[in-house]
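Observations on the three-dimensional arrangement
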Amino acid sequence: MKKIVTDKFKVRNFLMLTVAGFINAFGITCFLNPVHLYDSGISGTSMLLAQVTPLTLSVFLLILNIPLFLYGLKRQGIVFTVYAIYTVAIYSIGAWLITDIFPIDVSIASPLAEQDLLLCALFGGIISGIGSGTAIRFGGAMDGIEVMAVIFAKKLGITVGTFVMIYNVLLYIVCGVLIESWILPLYSIITYAAGLKAVDFIVDGFDRDKCAMIVTSNPDDICEALSQTFECGTTRVKALGGYSRAEKTIVYFVVNRFQVTRMKNLVHDIDSTAYITISEVADVFKANI
């Protein structure tokens, strides 16, 4: 019986999660918190609670996130849970160091963008998004609300993204009501959008490849031409026409965005009736043989 390979803790992941935690702490404490802008999820909730209670941001990050990660232990697994708690702990420590230990004044203005709300919103969102994306990329997480989304979204009949968005909209509404102003919550939406885009770039990559599925009756010539032209392999899948019942072959091929036009022209020169669909792929993993 083949042994099942389980997840293992990796030193490299802990090192990158450490970096991710400090990046997130820098973005939050040096851009958002000084001008009272709000991050998304539990991080944003912690920032709001730190403003209206005697406890600090670092404390709320721990007492709100850790129970959520532990609640999701059975669903997410021990490795993810440990990575996530570790990342949040580093984030909390980093926030404490910047606000209370390091000789950086972040009490009334950003040390880099001063009180420019737009700059703070954009750079705070981008930097914290880079931190969150790095955490996800290396097996952890920066926010417990995403774990809750995975657990409860399906039961509520919504997607994980919709669950998180609803939470954040409600968070910003509460912020606006409590501070009796909508300017900062509205700017915080810019932070949220910038952070989402940064997370996508880090997790999925800046330059995504394209996968082509070519339905053809002349797979031999097409595969040979693609392999010679682009110097990479192809994959064939036998298929059957749904209407004609004719035997076909689907050629699966991955190219970058600059090669798409050349690939389409090459295929149609060989088989003018070939049917091609193009879709985006985030990552391409190759086996080390």
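Not measured: the values here are computed from a predicted model.

Procedures and definitions
- Residue positions are given per chain, counting from 1 as you read along its sequence in written order.
- Only residues with pLDDT of at least 70 get local features here, since the model is predicted, and only at 80 or more are side-chain atom pairs given and counted; chain-wide, interface and lining totals rely on the full set of residues.
- The side-chain quantities take in all heavy atoms of the structure and omit both hydrogens and water.
- In this description, a nonpolar core means a group of buried Ala, Val, Leu, Ile, Met, Phe, Trp, Tyr and Cys residues linked to one another through side-chain atoms lying within 4.5 Å.
- For every residue, the accessible area obtained with a 1.4 Å probe (protein chains only) is divided by the maximum for its type, and the residue is called buried under 20%, exposed over 50%, and partly exposed between those limits.
- To qualify as a helix, a DSSP run of H or I must reach at least 4 residues; to qualify as a strand, a run of E must reach at least 2; elements of each kind are numbered from the N terminus.
- In this description, contact between two residues means that some pair of their heavy atoms is separated by no more than 4.5 Å.
- In what follows, salt bridge is the name for a side-chain nitrogen of Lys or Arg lying within 4 Å of a carboxyl oxygen of Asp or Glu.
- A 1.4 Å probe that fits into a set of points on a 1 Å grid over the protein atoms alone but cannot get out defines a cavity; an open set with protein on both sides within 12 Å along at least five of seven lines defines a pocket, and lining residues are those with an atom within 4 Å of a point.
- Grid points are joined across faces, edges and corners, and a volume is the space filled by probe spheres set on the points.
- Here the nonpolar group is Ala, Val, Leu, Ile, Met, Phe, Trp, Tyr, Cys and Pro; Asp, Glu, Lys and Arg are the charged ones; every other residue, Gly included, is treated as polar.
- All axes are obtained by fitting lines to C-alpha atoms, using only the stretch in contact for helices, and the reported angles, taken between N-to-C directions, cover 0 to 180 degrees.
- A clockwise turn of the near helix away from the far one marks a right-handed crossing, whereas an anticlockwise turn of less than a right angle marks a left-handed crossing.

**Structural notes on the nonpolar core**
Ranked by internal contacts, the top residues of the largest apolar core, which has 48 residues, are Leu37, Tyr38 and Met148. Elements that contribute at least two residues to this core include exactly helix 1 (11-32), helix 2 (41-52), helix 3 (57-71), helix 5 (78-101), helix 6 (117-137), helix 7 (144-156), helix 8 (160-179) and helix 9 (183-204). The element contributing the most residues to this core is helix 5, with eight residues. With sequence-adjacent residues up to four places away left out, Met148 is seen in contact with Leu68, Tyr71, Ala153 and Phe163. Counting residues in hydrophobic clusters, the runner-up holds 16 residues, among them Ala225, Val260, Val267 and Ile276.

**Quick look at the pattern of salt bridges**
Taken as a whole and assessed by the stated rule, the structure comprises two salt bridges. Ionic pairing is found between Glu280 and Lys210, a salt bridge with its closest N-O pair at 3.4 Å. Residue Glu280 is located in strand 4 (residues 275-281), and its partner Lys210 is located in strand 1 (residues 209-216); the two are separated by 70 residues in the primary sequence. Given the relative accessible area of 45%, Glu280 is considered partly exposed. Note that Arg236 and Asp220 form a salt bridge whose closest N and O atoms lie 2.6 Å from each other. With Arg236 in strand 2 (residues 235-240) and Asp220 in helix 10 (residues 219-230), this residue pair connects regions lying 16 residues apart in the sequence.

**Some points on the layout of surface pockets**
Here the largest pocket is characterised by a volume of approximately 590 Å³. Every residue lining the largest pocket is counted, 33 residues in all, and those nearest its centre are Ser132, Ile136, Glu146, Leu196 and Val199. Taken together, the elements giving at least two residues each to the lining of the largest pocket come down to helix 2, helix 5, helix 6, helix 7, helix 8 and helix 9. Its residues placed into classes, the lining of the largest pocket shows 15 nonpolar, 13 polar and five charged.

**Some words on the packing of helix 10 against helix 11 (residues 260-270)**
Where helix 10 meets helix 11, the axes come as close as 10 Å, and the angle between the chain directions of the two elements is 145 degrees. For the element pair helix 10 and helix 11, the recorded crossing hand is right-handed. Touching Asp221, Ile222, Ala225, Leu226, Thr229 and Phe230 of helix 10 are Arg262, Met263, Leu266, Val267 and Ile270, all from helix 11. Grouping the constituent residues of the contact of helix 10 with helix 11 by class yields eight nonpolar, one polar and two charged.

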